[in-house]
Amino acid sequence: MQGFNILPDLRLKSVGSCGETRATGKLSTTLAVLVQKPKMASNDSATVDRISELPDSLLHHILSLMTIEEAFITHAFSKRWRYLWTSLYNFYLNCELYNEEYVSFVDYVLAHSVSPKIKEFVLYFHDPNEYKSALSRWLSFAVEKKVENVVLWSYSEDDACPLPEFFYTCSSLITLVLGFCYFDAGVVISWKSLKSITFTCMALSDDHIVNLQLGCPALETMEFNCFKGLLTWKLGLLN
């Protein structure tokens, strides 16, 4: 599917909506070395820190390749980098076992965001019950920022993660990837811009598909992985 390459560890690799490979890992550490490295020689006035001289648009793109933890760390590089992280337009959250400090950190980063729109919002988490209120806040933030591409993936095979009702009317959404989530067949869907949706390890019924067809007039692709349900499914154009 064009948009995202689903991997259990966001720090290894992901693929952006335009197809570029994103290698995160120790990117912020590498940047710190380049930015803070001293002059090459005492008689050379040029410094190694060419990165900080790049225009904001390129620095923002560099930050867009990182998880939010890595992007936030860059504020300590220099004055030039101090507030760049507030302009993040891609957010990659990987929530391990419930951690209040991490939740507070994410809340802080999102509260200081000045980006008018979010391109990608990727959220991996373990226990949907523990993260229920946090997930609702973070998805609400994404919807308010007119998010275009979302990955919502639960590691829990026992408890499917329900989508907040307000998320079903996110008109800016273009691609959506859901894993181990609960898809409510009774909620009215209004994903007017949605072109691609992927379901993985989910229970779906015929009503889910009919609801999607009615609420997603721009839908081009539906992908199903390890799903159950769907007794019959009639494909056709809706007037």
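Being a predicted model, the structure only gives us computed values, none of them experimental.

## A few points about the pairing of strand E4 (residues 120–125)
It is a general feature of regular strands that their side chains alternate between the two faces of the sheet.
Part 1 of the argument: Of all 6 residues that make up E4, 6 are buried, and the element is covered over most of its length.
Part 2 of the argument: Neither face of E4 is open: one carries Glu120, Val122 and Tyr124, the other Phe121, Leu123 and Phe125, and all of them are buried.
Part 3 of the argument: Direction of pairing for E4 relative to strand E5 (residues 149–154): parallel, over a ladder of 6 bridges. Bridge pairing in E5 places Glu120 opposite Asn149.
Part 4 of the argument: Once you follow E4 into helix H5 (residues 132–144) and on to E5, the crossover reads as right-handed.

## Considering the side chain of His60
Part 1 of the argument: Looking at the element boundaries, His60 is found in helix H2 (residues 56–63).
Part 2 of the argument: Among the residues examined, His60 registers a relative accessible area of 18% and is labelled buried.
Part 3 of the argument: Beyond its immediate sequence surroundings of up to four residues, His60 is in contact with Leu84, Ser87 and Tyr89.

## As for the pattern of salt bridges
Opposite charge on two side chains makes pairing possible when the charged atoms of those side chains draw close.
Part 1 of the argument: Under the definition given, this model contains 3 salt bridges.
Part 2 of the argument: For Arg80, the salt bridge is made with Asp56, and the minimal N-O distance between the two is 2.7 Å. In this pair, Arg80 is assigned in the loop between helix H3 (68–73) and strand E3 (90–94) and Asp56 in helix H2, connecting sequence segments 24 residues apart.
Part 3 of the argument: Judged by its relative accessible area of 31%, Arg80 is partly exposed.
Part 4 of the argument: One salt bridge in this structure joins Asp107 and Arg137, with 2.9 Å as the shortest N-O distance. Remark: Arg137 occurs in helix H5 and Asp107 occurs in helix H4 (residues 100–111); sequence separation between them is 30 residues.
Part 5 of the argument: Asp107 gets classed as partly exposed once you look at its relative accessible area, which sits at 26%.

## Some details on the sheet that holds strand E7 (residues 175–179)
Part 1 of the argument: The sheet built from 6 strands is open, its strands ordered E3-E4-E5-E7-E9-E11 with parallel pairing. Only two strands of the sheet have a single partner each, and these edge strands are E3 and strand E11 (221–225). Taken pair by pair, the neighbouring strands of this sheet meet at an average axis angle of 5°, ignoring direction.
Part 2 of the argument: Here 5 bridges tie E5 to E7, and the two strands are oriented parallel to one another. What sits directly across from Val150, in E7, is Leu176.
Part 3 of the argument: The strands touched by H5 within the sheet are E3, E4 and E5, with E4 carrying the most contacts at an inclination of about 170°.

Each value, and the rule that gives it
- Residues numbered from 1 in each chain as written.
- Predicted model: local features only at pLDDT ≥ 70, side-chain atom pairs only at ≥ 80, totals over all residues.
- Heavy atoms only, no water.
- Buried < 20%, exposed > 50% of the residue type's maximum accessible area, 1.4 Å probe, protein only.
- Helix = DSSP H or I, 4+ residues; strand = E, 2+ residues; numbered from the N terminus.
- Pairing = 2+ DSSP bridges.
- Right-handed = clockwise from strand over helix to strand, strands pointing away.
- Contact = heavy atoms within 4.5 Å.
- Salt bridge = Lys/Arg side-chain N within 4 Å of Asp/Glu carboxyl O.
- Axes fitted to C-alpha atoms, helices over the stretch in contact; angles between N-to-C directions.

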